[in-house]
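# Close look at the chain arrangement
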Amino acid sequence: MNDLNFRFSGKAEKIFDKNDGVNSPEPLTEGASLLNPESDDANEAVSLEVNNKTDGDFESEVLQTEQADVSDNAFEETAETESLPEAEGESAENSDNGNTDENTAAIIADANRQEEVVNPADTLLEGLADTTQKEKFDFINLCVMAILVLLIGMTFIFMKQASYDDSQNQKLSFETIKTGEYTTGLSESYTKNMPMPKIMAQADVLLRKLFGKTKLEFVKFTSTEPPDGPVDNDIGGDLSMNDDEPAESTSAVTTTTEITTTTGKIKQDFIVTVPEDDNTQSELFTGRPIKTTTSKTTTTLKLPKATDETTTGKVNLILPETN
Amino acid sequence: MIYTDLLFVFAFLPVTIILSLFDRSAEYKNLILVVSSVVFFSWGRPIIVVLLFATVLMDFLFGLGASNKNKLIRGVSLALDIMMNVGVFVVFARNYLFADGGAFERFGFLSFSEKLIPIGIGYYTIRGISYVSEVFRGRTEVEKNPFCLITYMLSFHLMFVGPVVRYSDVTGEIRWRKVGASEINSGLTRFIKGLGKAVVLAPVFEKLMDSGLDFENMTTLGAVAGMVGFLGYYYWSFAGFTDMAIGLGRMNGFHYRENLKPFRVTEGIGNTAYAFNGTLTGFLADGIVHKGDKKWLYAITGLLCSAIVGLWYGFSKGTVCGAIFIGVFVVAEKLLLEKRFEKIPKAVIGIYTTAIMLVGACAFYFDSLWKLKKWVFACLGKGTAGFSDDSVMEIIKGNYVLIIFGILAALPIVTDGVKKLCAVVSEKFGYSVLRVSQTVCTTIILCMYTVEAYNLVK
């Protein structure tokens, strides 16, 4: 019958091909079903009115897609006119696959001579095929995005860093809900407990390098290295009394400034001074000497925060009298 | 909570979408939408919900009044509704005016903490006015089901930059809508694109704006780059949040109007002015501008509409003057050039439209003549601290890829070229290649957003 060539974005697919040697169906008549061209049954699933001109002109359409906003279902159909040869006259000539190119050329040549004819059956078929193909890719795209979003979401929720103490802000009560503290606490807990900070920091540096010239470098960060610059931490304490020697930096991490005692009695309003010699320490205000040795008298202190005005803290130590 | 929060994107949104899929009925989806909207608005500020429900109730009652057969009752209902919503807008959305140093300082008792200010209250009040005015004009039937009105008013899709959704646009979809894989896919894709615009692109221009427009140490390059940064920041923020709003709506089965269109300057100032936040401008113009034959009345109402648009964007001299400046040319073009428009070369139209729109948009930034004068002189190289400074150069060097991309992507000629390129790719390599590349691009945007948003909060 007819060579209906549907091209989806350049890819040729033949729906009905009379080159396979099968007896070509009769030309479609009005009311005939495309699914079964030989059937005159108007109750077929797809029953279309075909504009069947005596000269057998049909038109097939080339589909083009618009990318800009896929979500807008942008499909543009541009019509091309192709006339297809008579069914019976052509069947013998086109049985040879090598004549396909000549066929195509003949079809195009005929199309240029004939009037434009819109075949609603062809239009409907192509529309259905396009919709199916588009929906298939929509589904794939949705699956990819949805899996990614759910994966990231679950990673952020279940792989918490647990470094942020959120128990204080997340007491579920009418009061906390009314004031908004509960929801604010949830938000803070979510953001502060997000995992993989180092990986994200490295990713940020990579992005910066892609966006332009940046001075940022990938840095290996270890917990024992003291950070540069002033740091808000729990330790303060002037450990040096020797003017010739520079005071030790109090902006170090906790692990580097521990002092432990055997008594364990600690009060936090005593200034610890560095002794002039290795074995004596003097209490700043009373002057009482305190004998300490590194092996016997070590005190674990949690010194108060260093402030902007001072880098020293005040700690009370009750130590056994050594006199 | 806002759309760009990690908690919203990776926790709140997936939960609401999944919950809404459990049933196909619109009533169920509306219920999930209302509950999630209440949670969204009350996040950190739960007292706000009381205000929102109170105003919905008033809009419902005024809507009933606006549908009355008695003209007086209809008119009074509309007037009261407009007064109520404008009052809510001024008190809540422009609360800074009541603080110390504000224009309404004498009413300082109306100044309160940010915790009591609802998110997106501006567009919320617009929706209230829209509903009652459409009932008044007979464009839509009065809503006798308060739950449908609550769904329309409280929907968290439409909070930040619109689009302005008229009640007649969504009446049908509130009662029946289809939400399938295609809708969720198109909505999610659009939402992710919006995230990229708002979180990856816009902050770069913001940094450029803050660094360049430093009036104490302004340089020539800083003045020009800073203004590019200002325009780029507001454009990409607006584009991003609009995409997110439309994407969220689509995931719930709603189809909203486009709020940002390409700036096709060859079509004249009128069309170009409507390209940015066109739903708001169109809504105000629909209600204010005279549509009859009286040219003088058209001119006056047109300028009044421009002034109101300026006041919407900010209670400052810059915004009002900039809006009126553009409005004058829109009105003049309509009255004087409409019949001769086709005879004017498109290049001429493009040049004068670009110049006027740029001047008007730049005016939005300046809240004093001193700053405007200083900026103009700086652009000409006078009174500056040099041609450029390190901070501006650092930002340009560190982000030149994004800056160039942001400028080019805003030009219609480039976006049209990309569309044609995609059609060619589809034609030559197949539709599947095009779709796969789009999926890859969307995935990249999502990853970039995640990294940027993560490092912003950490």
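Remember, it's a predicted structure, so these values are computed and weren't measured experimentally. (Residues numbered from 1 in each chain as written. Chains lettered and ligands numbered in written order. Predicted model: local features only at pLDDT ≥ 70, side-chain atom pairs only at ≥ 80, totals over all residues. Heavy atoms only, no water.)

What follows is about the overall build of chain A. Scanning chain A from terminus to terminus reveals 6 helices and 8 strands. In sequence order, the secondary structure elements of chain A are arranged as β-β-β-β-α-α-α-α-α-α-β-β-β-β. When burial is assessed residue by residue, chain A has 32% of its 323 residues classed as buried. Considering only contacts within chain A whose residues lie at least 6 apart along the sequence, 58% involve residues at least 24 apart. (Helix = DSSP H or I, 4+ residues; strand = E, 2+ residues; numbered from the N terminus. Buried < 20%, exposed > 50% of the residue type's maximum accessible area, 1.4 Å probe, protein only. Contact = heavy atoms within 4.5 Å.)

The number of helices and strands found in chain B is 18 helices and 0 strands. By the compact-globule yardstick of 23 Å for 458 residues, chain B fits well, its C-alpha radius of gyration being 23 Å. Across its three principal directions, the C-alpha atoms of chain B cover 65 × 55 × 50 Å. A total of 458 residues make up chain B; the buried ones form 53% of that total. For chain B, long-range pairs separated by at least 24 residues make up 74% of all intrachain contacts whose partners lie at least 6 apart in sequence. Of the accessible surface of chain B, which amounts to about 20800 Å², a share of 68% is contributed by carbon and sulfur atoms. Distance between charge centres in chain B, computed from 44 positive and 33 negative side chains, equals 6 Å. (Rg over C-alpha atoms; globule rule 2.2 N^0.38 Å. Areas by Shrake-Rupley, 256 points an atom, 1.4 Å probe, with all protein chains shown as cover. Lys, Arg positive; Asp, Glu negative; His and termini not counted. Charge placed at Lys NZ, Arg CZ, Asp CG, Glu CD.)

The subject of this paragraph is unusual backbone geometry. Positive phi values are uncommon outside glycine, yet A:Met196 reaches one of about 55°. Inspection of the secondary structure assignment puts A:Met196 in the loop between helix 5 (181–192) and helix 6 (197–211). Even without being glycine, B:Asn277 reaches a positive phi, approximately 55°. Within the secondary structure, B:Asn277 is located in the loop between helix 10 (269–273) and helix 11 (278–288). Under the relative-accessibility criterion, B:Asn277 is labelled buried at 0%.

Residues and elements named next belong to chain B. Judged by side-chain charge, Lys-295, Lys-339, Arg-340 and Lys-343 come together as a positively charged surface patch. By secondary structure assignment, the location of Lys-339 is in the loop between helix 13 (317–337) and helix 14 (346–363). Residue classification places Lys-339 among the exposed residues on the basis of a relative accessible area of 78%. (Patch = residues over 30% accessible without salt bridge, like charges linked within 9 Å, V, L, I, M, F, W, Y side chains within 5 Å. Salt bridge = Lys/Arg side-chain N within 4 Å of Asp/Glu carboxyl O.)

All names here are of chain B. On inspection of all chains with the given rule, the structure shows 14 salt bridges over all chains. The residue Asp-243 makes a salt bridge to Arg-190 at a minimum N-O spacing of 3.0 Å. In this pair, Asp-243 sits in helix 9 (residues 220–251) while Arg-190 sits in helix 8 (residues 181–212), placing the two residues 53 residues apart along the sequence. In this pair, the class of Asp-243 matches that of Arg-190, namely buried. Residues joined by salt bridges that share partners form a network here, namely Arg-137, Arg-139, Arg-166, Asp-286 and Lys-291.

The next point concerns the packing of aromatic side chains. Counted under the stated rule, the structure contains 34 aromatic pairs over all chains. Ring plane angle 85° and centroid distance 5.6 Å describe the contact between A:Phe137 and B:Tyr431, whose orientation is recorded as edge-to-face. Placement of A:Phe137 in helix 3 (residues 120–158) and of B:Tyr431 in helix 18 (residues 431–457) is noted, with the two residues assigned to different chains. Classification of B:Tyr431 as buried rests on a relative accessible area of 6%. Ring centres of B:Phe12 and B:Phe40 lie 6.1 Å apart, and the angle between their planes is 50°; this geometry places the pair in the tilted category. Taken together, the residues span a long stretch of sequence, with B:Phe12 in helix 1 (residues 6–20) and B:Phe40 in helix 2 (residues 26–42) at a distance of 28 residues. (Phe/Tyr/Trp six-rings, centres within 6.5 Å; stacked < 30°, edge-to-face > 60°.)

Examined against the element boundaries, B:Phe104 turns out to sit in the loop between helix 4 (71–93) and helix 5 (121–137). Sequence-distant contacts of B:Phe104, that is, excluding residues within four places in its chain, are made with B:Val90, B:Leu97 and B:Phe98.

All names here are of chain B. If you look at the biggest cluster of nonpolar residues, it comprises 128 residues, and the most contacted ones within it are Tyr-3, Phe-8, Phe-10 and Phe-191. Ignoring anything within four residues of it in the chain, the contact list for Phe-191 reads Tyr-3, Phe-8, Val-9, Leu-13, Asp-243, Met-244, Gly-247, Leu-248 and Met-251. Of all hydrophobic cores here, the second largest spans 6 residues; its members include Ile-269, Ala-273, Val-330 and Met-357. (Core = buried A, V, L, I, M, F, W, Y, C linked by side-chain atoms within 4.5 Å.)

Below, the discussion takes up the state of the cysteines. What makes a disulfide is a covalent bond joining the sulfur atoms belonging to two cysteines. Scanning the model with the defined rule gives 0 disulfides over all chains in all. Considering cysteine sulfurs only, B:Cys441 is the nearest to B:Cys422, which forms no disulfide, with 8.7 Å between them. (Disulfide = S-S within 2.5 Å.)

This brings us to empty space enclosed by the protein. Residues and elements named next belong to chain B. A complete count under the given rule lists 8 cavities of 30 Å³ or more for this structure. Space inside the largest cavity adds up to approximately 60 Å³. Around the largest cavity sit Leu-33, Thr-151, Tyr-152, Ser-155, Leu-158, Val-165, Val-170, Ile-174, Phe-254 and Tyr-256, which together line it. Of all the elements in the fold, those that place two or more residues in the lining of the largest cavity are helix 6 (146–154) and helix 7 (167–175). Classifying every residue of the lining of the largest cavity by side-chain character gives 8 nonpolar, 2 polar and no charged. (1 Å grid on protein atoms, 1.4 Å probe; cavity = no way out; pocket = protein on both sides within 12 Å on 5 of 7 lines; lining within 4 Å. Points joined across faces, edges and corners; volume = space filled by probe spheres on them. Nonpolar A, V, L, I, M, F, W, Y, C, P; charged D, E, K, R; others polar.)

Residue and element names in this part refer to chain B. Axis separation between helix 2 and helix 6 bottoms out at 9 Å; the angle between their running directions is 45°. Of the possible angle classes, the one that applies to helix 2 and helix 6 is oblique. As for the relative orientation of helix 2 and helix 6, their crossing is left-handed in sense. Packed against helix 2, whose contacting residues are Glu-27, Asn-30, Leu-31, Leu-33, Val-34, Ser-37, Val-38 and Phe-41, the element helix 6 presents Phe-147, Ile-150, Thr-151 and Leu-154 at the interface. Grouping the amino acids of the contact of helix 2 with helix 6 by side-chain chemistry returns 8 nonpolar, 3 polar and 1 charged. (Axes fitted to C-alpha atoms, helices over the stretch in contact; angles between N-to-C directions. Parallel < 35°, antiparallel > 145°, perpendicular 65-115°, else oblique. Left-handed = near helix turned anticlockwise from the far one by under 90°.)

Taken together, the side chains of A:Leu150, A:Met154, A:Ile157, A:Phe158, B:Val15, B:Ile18, B:Leu19 and B:Phe22 present a nonpolar region at the surface, about 770 Å² in accessible area. No other element matches the 4 residues that helix 3 of chain A contributes to the nonpolar patch. For A:Met154, the position within the fold is in helix 3.

It is worth spelling out helix 9 of chain B at this point. Residue and element names in this part refer to chain B. End to end, helix 9 covers 46 Å across 32 residues, agreeing with the expected 46 Å (1.5 Å per residue, within 8%). Judged by how many residues are buried, helix 9 sits mostly within the fold: 27 of 32 residues are covered. In the stretch just after helix 9, Gly-253 is the one whose phi turns positive, near 95°. (Expected span 1.5 Å × (residues − 1).)

Between chain B and chain A, the residue contacts involve 54 residues of the former and 58 residues of the latter. The junction of chain B with chain A conceals about 4800 Å² of combined surface from both sides, 64% of it contributed by carbon and sulfur atoms. At the junction of chain B with chain A, the criterion picks out 2 salt bridges. Linking chain B to chain A there are 16 residue pairs in polar contact (both at pLDDT 80 or more). Mapped by element, the contributors of at least two residues to the side of chain B that touches chain A are helix 1, helix 8, helix 16 (390–409), helix 17 (412–429) and helix 18 of chain B. Sort the elements by how many residues they give to the side of chain B that touches chain A and helix 18 of chain B lands first, with 16 residues. Here the residues of the side of chain B that touches chain A are counted per class, giving 26 nonpolar, 17 polar and 11 charged. (Buried area = accessible area lost by both parts, 1.4 Å probe. Polar contact = N/O pair within 3.5 Å; in protein donor to acceptor, adjacent residues only side chain to side chain.)

To continue, consider the side chain of B:Asn85. All names here are of chain B. Residue placement: Asn-85 occurs in helix 4. Assessed through its relative accessible area of 1%, Asn-85 is described here as buried. Excluding anything up to four places from it in sequence, Asn-85 contacts Asp-59, Thr-125, Gly-128 and Ile-129.

Turning next to the confidence of the model for chain A. Confidence along chain A averages 56 in pLDDT terms, with 30% of residues attaining 70 or more. Every residue in residues 223–300 of chain A scores below 50 in pLDDT, and together they form 130 contacts with partners more than four places removed in sequence or on other chains. (pLDDT = per-residue confidence, 0-100.)

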